Amino acid sequence: MTFLKSVVVSSVLAAAAFSTAASAKSINGAGASFPHPIYAKWAEEYNQETGVKINYQAIGSGGGIRQITAKTVDFGATDAPMDQQQLNDEGMIQFPMVMGAIVPVVNIPGIEPGALKLTGDIVADIYMGKIKKWNDDRITSINPDLNIPGQPIYVVHRSDGSGTTFNFTDYLSQVSETWKNEVGTNTDITWPKAATTIGANGNAGVANFVRRTRGSIGYVEYAFAKQNNLSHTQLASADGKFLQPNMETFQAAAMNADWKNAPGFRLLLNNQPGADSWPMTAATFILMHKDQADAGKAREILKFFDWSYENGAEMAESLDFIPMPESVIELVESTWKQQLSHKGASIIK
């Protein structure tokens, strides 16, 4: 990768970045909780290497969009990508940083992690309140080897504006016409009243409530499931094969991504074809204003993202995130060069 080297040797950077060294010692971002584990890891390593501190608040995608729109942070982060018209209206660019997966997690006495099989339509009907006990015939019929108790089901969902919810409900809308017509897809929805629900803030909040509540089900980014020792489920792929969440099934889904033909990089990866494609896979995105008030600071922000692309792949995989392919990184860097500017001049020379 040559972008970082070209920025470092740029005469513009030499003239401007050092004049903003004090402000660039601290970079502020806010948004999605989905990527928080890997953003925190990258920020820690980058700080040790460079002395630059990345302050990232995992307040949810909706909060991240609001804060970058109001220009109260240097960058926003969202798992619910904005469309090209929204980006144009707000004068922003959007680019994918990393990919990950959403998994159902449960707290059912006697059921080991990865043992329970679920299908998308069953998950939808649980969240709609149509399936109220774990020993419902539709669940036991696909799990004949499990002794599933007649435990009431408690549905845990996000209470904040959430990109994880956006991707979760997008998936449910693809696999359930009833969900699509009656509930729909959004970062913040009106949850069906027929279900016994518990609202929680952030992926960490959902993980916490599932861990504490017997009979519960929730949806979280896979790293949160592992970090909290939660019982994940198997989930049927678009081709009907029951899959375990792991790097192989996440990568199988990510291989279908056509980033080159996605305006504003807006691309959803749910329910991808292929027997081994994990059905709830998602990218997470960075938002920045096209017109940057401080050119030096903007370059320092891009240096962090570039460093993360170049040095963060192994760290991402260690947390079960999927690094962006080199071809996509090149598209992102081209977008930086073409669309990020200060007083009409490109940030990158």
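Residues numbered from 1 in each chain as written. Predicted model: local features only at pLDDT ≥ 70, side-chain atom pairs only at ≥ 80, totals over all residues. Heavy atoms only, no water.

1. As for the domain arrangement of the protein chain
Phase 1: If you check the domain split of the protein chain, you get domain 1 (27-100 + 281-346) and domain 2 (101-255).
Phase 2: The C-alpha centroid of domain 2 is placed 28 Å from the C-alpha centroid of domain 1.
Phase 3: At the junction of the two partners, domain 1 supplies 20 residues and domain 2 supplies 24 residues.
Phase 4: Between domain 1 and domain 2, roughly 1,600 Å² of surface is buried when both sides are summed, and carbon and sulfur atoms account for 61% of that area.
Phase 5: Inspection of the region where domain 1 meets domain 2 yields one salt bridge.
Phase 6: As a salt-bridge pair, D320 and K226 come within 2.8 Å of each other at their nearest N and O atoms.
Phase 7: For the side of domain 1 that touches domain 2, the elements supplying multiple residues, two or more each, are α4 (36-50), α5 (61-69), β4 (92-107) and β12 (281-289).
Phase 8: Of the residues in the side of domain 1 that touches domain 2, the class split is ten nonpolar, seven polar and three charged. (Domains from an automatic or database assignment. Contact = heavy atoms within 4.5 Å. Buried area = accessible area lost by both parts, 1.4 Å probe. Salt bridge = Lys/Arg side-chain N within 4 Å of Asp/Glu carboxyl O. Helix = DSSP H or I, 4+ residues; strand = E, 2+ residues; numbered from the N terminus. Nonpolar A, V, L, I, M, F, W, Y, C, P; charged D, E, K, R; others polar.)

2. Side note on unusual backbone geometry
Phase 1: Here F265, not a glycine, exhibits a phi torsion of approximately 60°, which is positive.
Phase 2: By the secondary structure assignment, F265 is in the loop between α13 (247-254) and β12.
Phase 3: With a phi close to 65°, D320 is a non-glycine residue in the positive phi region.
Phase 4: By secondary structure assignment, the location of D320 is in the loop between α15 (313-318) and α16 (326-339).
Phase 5: Overall, D320 belongs to the buried group, its relative accessible area being 10%. (Buried < 20%, exposed > 50% of the residue type's maximum accessible area, 1.4 Å probe, protein only.)

3. Quick notes on the packing of helix α14 (residues 295-311) against α16
Phase 1: Two elements in contact, α14 and α16, have axes whose closest approach is 12 Å; the angle formed by their N-to-C orientations is 170°. With respect to each other, α14 and α16 are oriented roughly antiparallel. Residues L302, F305, D306 and Y309 of α14 form the contact with α16, whose participating residues are I329, V332, E333 and W336.
Phase 2: Residue composition of the contact of α14 with α16, grouped by class: six nonpolar, no polar and two charged. (Axes fitted to C-alpha atoms, helices over the stretch in contact; angles between N-to-C directions. Parallel < 35°, antiparallel > 145°, perpendicular 65-115°, else oblique.)

4. Examining the side chain of T335
Phase 1: Position of T335 among the secondary structure elements: in helix α16.
Phase 2: Among residues more than four places away in sequence, those in contact with T335 are I93, F265 and L340.

5. Here we look at α5
Phase 1: Here α5 has its buried residues at S61, G62, G63, G64 and I68.
Phase 2: Packed against the buried residues of α5 are β1 (26-31), β3 (75-78), β4, α9 (163-175) and β12.
Phase 3: In the segment just after α5, K71 is the residue with positive phi, at about 60°.

6. Re the sheet that holds strand β10 (residues 234-236)
Phase 1: Taken in spatial order, the three strands of this open sheet run β5-β10-β11, and their pairing is mixed. Strands with a single pairing partner mark the edges of an open sheet, and in this sheet they are β5 (117-118) and β11 (242-243).
Phase 2: Two strands pair when backbone bridges link them, and β5 and β10 are joined in this way by two bridges, in the parallel orientation. Its bridge partner lying in β10, L118 is registered against L235. (Pairing = 2+ DSSP bridges.)

7. A few points about the nonpolar core
Phase 1: Among the nonpolar cores identified, the biggest contains 98 residues, and F95 and F305 are the most heavily contacted of them.
Phase 2: Per-element accounting of this core gives the leading share, ten residues, to β4.
Phase 3: The residues that make up this core include at least three from each of domain 1 (27-100 + 281-346) and domain 2 (101-255).
Phase 4: Ignoring anything within four residues of it in the chain, the contact list for F95 reads F265, T284, F285, I286, M288, F305, Y309, V332 and W336.
Phase 5: One finds A30, M82, L87 and L287 within the second-largest nonpolar core, a separate group that totals seven residues. (Core = buried A, V, L, I, M, F, W, Y, C linked by side-chain atoms within 4.5 Å.)

8. Quick look at the pairing of β3
Phase 1: The two faces of β3 match: F75 and A77 on one face and G76 and T78 on the other face are all buried.
Phase 2: Bridge count for β3 against β12 is three bridges, and the pairing is antiparallel. Pairing of T78 across the sheet is with F285, part of β12.

9. A short note on the side chain of D79
Phase 1: Position of D79 among the secondary structure elements: in the loop between β3 and α6 (84-90).
Phase 2: Look at D79: it is buried, it has no salt bridge, and the nearest opposite charge is R158 at 6.2 Å. (Lys, Arg positive; Asp, Glu negative; His and termini not counted.)

10. A closer look at the pattern of salt bridges
A side chain of one charge can pair with a side chain of the opposite charge if their charged atoms are brought near each other.
Phase 1: Counted under the stated rule, the structure contains eight salt bridges.
Phase 2: In this structure, the salt-bridge partner of K297 is D74, at a minimum N-O distance of 3.3 Å. On the criterion of sequence distance, the pair formed by K297 in helix α14 and D74 in the loop between α5 and β3 is long-range, its members being 223 residues apart. For the pair shown, K297 and D74 are each scored as buried.
Phase 3: In this structure, R138 engages D121 in a salt bridge whose closest nitrogen and oxygen atoms are separated by 3.1 Å. Of this pair, R138 sits in helix α8 (residues 137-140) while D121 sits in helix α7 (residues 120-127), and the two are 17 residues apart along the sequence.
Phase 4: Since its relative accessible area comes to 32%, R138 is described here as partly exposed.

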